[in-house]
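Tertiary structure, described
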Amino acid sequence: MAEEKILLNTDKWIDNYADYMYNYAIVRVSDSDLAKDLVQDTFFAGLKSAKNFLGKSTERTWLISILKRKIIDHYRKINSKKGQAEVRMNFYDDGENEGNWLEERVPQSWGNQSEKSIENDELKKQLSSCIGALPEKYAMVFRMKTIQEFETEEICKELDITSSNLWVIIHRARTQLRKCMEDNWFNN
Amino acid sequence: MFKNLRITCDEATMICDKSQYRASSLLSRLKLNIHFIGCKTCILYTKQNVKLTHLYKGYSHSCKGEKHTLSSEDKEALKKTFKLKS
């Protein structure tokens, strides 16, 4: 009973955990509105199952475990819903020359790189916009692996995918990102 | 035996991508190097991929330090909705 009372102190919940949970969500989903929705859904779900909280872990750990579930659900949704309609660029022939570069997608030499590789805000913006142009699930996995530098096992566990699945996504994301940077940064 | 060492450009670039995270095996790196003998395109891809890894590293450093927080308006709105539910 006492535990329930603590949990139902909603104002404290938000003051104490909302920022932490929002930060946790946004480094994974990279969309501010979506992260806010996930945090809100987590609080509602927490409220609904408050009586199941046994006090074995801290409130924050318990809430994060609910949030993790919400993130997996979101990943599954984008994986199945957009799976078929995904705008994926093919780079390799799937006909006679299976697995070889498609002629029109072959990497091109890059322009003056030393001048272009100065680390500045413009470059950051371009990198970010190229990641943003990826299908959502690619962007999500790529960010977790490359930008947040999570371990492969951790991502697989969090998103409930296999490691070969992860590497295929990383491979597709990187081929697409290389092309995007070539078109919009190095050779534009 | 040599047949087993032959890979497509798709497979070669996959190995190259995994190598960026130090996740490729010695055998696959050997296959990649054999593939390089006949494929200038994949050599170019690899060179550019290494360059991109360097750029993403810089990007990662500037992003990882960021702490994302909710605005006080967002928190107030959240509290309001939450009160209605509880």
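To be clear, the structure that these remarks concern was listed above.
Read on for a plain summary of the structure. None of these values were measured; they are calculated from a predicted model.

Cut-offs and rules
- Residues numbered from 1 in each chain as written.
- Chains lettered and ligands numbered in written order.
- Predicted model: local features only at pLDDT ≥ 70, side-chain atom pairs only at ≥ 80, totals over all residues.
- Heavy atoms only, no water.
- Core = buried A, V, L, I, M, F, W, Y, C linked by side-chain atoms within 4.5 Å.
- Buried < 20%, exposed > 50% of the residue type's maximum accessible area, 1.4 Å probe, protein only.
- Helix = DSSP H or I, 4+ residues; strand = E, 2+ residues; numbered from the N terminus.
- Contact = heavy atoms within 4.5 Å.
- Axes fitted to C-alpha atoms, helices over the stretch in contact; angles between N-to-C directions.
- Parallel < 35°, antiparallel > 145°, perpendicular 65-115°, else oblique.
- Left-handed = near helix turned anticlockwise from the far one by under 90°.
- Nonpolar A, V, L, I, M, F, W, Y, C, P; charged D, E, K, R; others polar.
- Patch = residues over 30% accessible without salt bridge, like charges linked within 9 Å, V, L, I, M, F, W, Y side chains within 5 Å.
- Areas by Shrake-Rupley, 256 points an atom, 1.4 Å probe, with all protein chains shown as cover.
- Salt bridge = Lys/Arg side-chain N within 4 Å of Asp/Glu carboxyl O.
- Polar contact = N/O pair within 3.5 Å; in protein donor to acceptor, adjacent residues only side chain to side chain.
- Buried area = accessible area lost by both parts, 1.4 Å probe.

1. Overview of the nonpolar core
- Core analysis: the largest hydrophobic core is formed by 65 residues, its most contacted members being A:Phe43, A:Leu159 and A:Met181.
- Of all the elements, helix H2 (residues 10-29) of chain A adds the most residues to this core, at 11 residues.
- Look past the residues within four positions of A:Phe43 in its chain and what remains in contact with it is A:Trp13, A:Ile14, A:Tyr17, A:Ala18, A:Met21, A:Leu63, B:Leu78 and B:Phe82.
- Grouped together as the second largest cluster of nonpolar side chains are 13 residues, B:Cys9, B:Ala12, B:Cys16 and B:Tyr45 included.

2. Points about the packing of helix H3 (residues 32-48) of chain A against helix H5 (residues 72-85) of chain B
- One can describe the packing of H3(A) onto H5(B) by two numbers: an axis separation of 11 Å at closest approach and a directional angle of 30 degrees. As far as their axial angle goes, H5(B) and H3(A) are roughly parallel. Classified by chirality, the crossing of H5(B) by H3(A) is right-handed. Listed contacts from H5(B) to A:Lys36, A:Val39, A:Gln40, A:Phe43, A:Phe44 and A:Leu47 of H3(A) are B:Asp74, B:Leu78, B:Thr81, B:Phe82 and B:Lys85.
- When its residues are assigned to classes, the contact of H3(A) with H5(B) shows six nonpolar, two polar and three charged.

3. Comments concerning a nonpolar patch on the surface
Residues and elements named next belong to chain B.
- On the surface, Leu 27, Leu 30, Ile 34 and Ile 37 cluster together into a nonpolar patch covering about 390 Å² of accessible area.
- Examined against the element boundaries, Leu 30 turns out to sit in helix H3 (residues 26-38).
- For Leu 30, a relative accessible area of 44% translates into the label partly exposed.

4. Brief notes about the side chain of B:Ser24
All names here are of chain B.
- Following the sequence through the fold, Ser 24 ends up in the loop between helix H2 (9-19) and H3.
- Exposure remark for Ser 24: the relative accessible area of 13% places this residue in the buried category.
- Polar side-chain contacts of Ser 24 include one of 2.8 Å to the side chain of Ser 19.
- The contact partners of Ser 24, leaving out residues within four places of it in the chain, are Ile 15, Lys 18, Ser 19 and Arg 29.

5. Digging into the pattern of salt bridges
- The full count for this structure, using the stated rule, is 12 salt bridges over all chains.
- Of the charged contacts in the structure, one is a salt bridge between A:Glu149 and B:Lys64, with a shortest N-O distance of 2.8 Å. Residue A:Glu149 is located in the loop between helix H7 (136-147) and helix H8 (152-159), and its partner B:Lys64 is located in helix H4 (residues 40-64); the two belong to separate chains.
- Between B:Glu76 and B:Lys79 there is a salt bridge; the shortest N-O distance is 3.8 Å. Taken together, the residues B:Glu76 and B:Lys79, both in helix H5 and three residues apart, mark about one turn of the helix.
- Residue classification places B:Lys79 among the buried residues on the basis of a relative accessible area of 13%.
- Beyond isolated ion pairs, a larger network of salt bridges with shared partners links A:Asp15, B:Glu76 and B:Lys79.

6. Digging into the packing of H7(A) against H8(A)
All names here are of chain A.
- Closest axis-to-axis distance for the H7/H8 pair is 10 Å, and the angle between their directions is 145 degrees. You can see that H7 and H8 cross each other, and the crossing is right-handed. Contacts between H7 and H8 involve Met 140, Val 141, Met 144 and Lys 145 from the first element and Thr 152, Ile 155, Glu 158 and Leu 159 from the second.

7. Describing the interface of chain B and chain A
- Listed by partner, the interface residues are 43 residues for chain B and 53 residues for chain A.
- Note on chain B versus chain A: buried area summed over both sides is about 4,600 Å², and carbon and sulfur give 67% of it.
- Per-residue buried area on chain B facing chain A is highest for B:Tyr21, B:Tyr59 and B:Phe82; these three make up 17% of the total on that side.
- Linking chain B with chain A are seven salt bridges.
- The closest approach of N and O atoms between B:Glu66 and A:Lys124, which form a salt bridge, is 3.8 Å.
- Linking chain B with chain A are 18 residue pairs in polar contact (both at pLDDT 80 or more), by the criterion used here.
- Within the residue set of the side of chain B that touches chain A, elements represented by two or more residues are H2, H4 and H5 of chain B.
- Tallying contributions element by element places H4(B) first for the side of chain B that touches chain A, with 19 residues.

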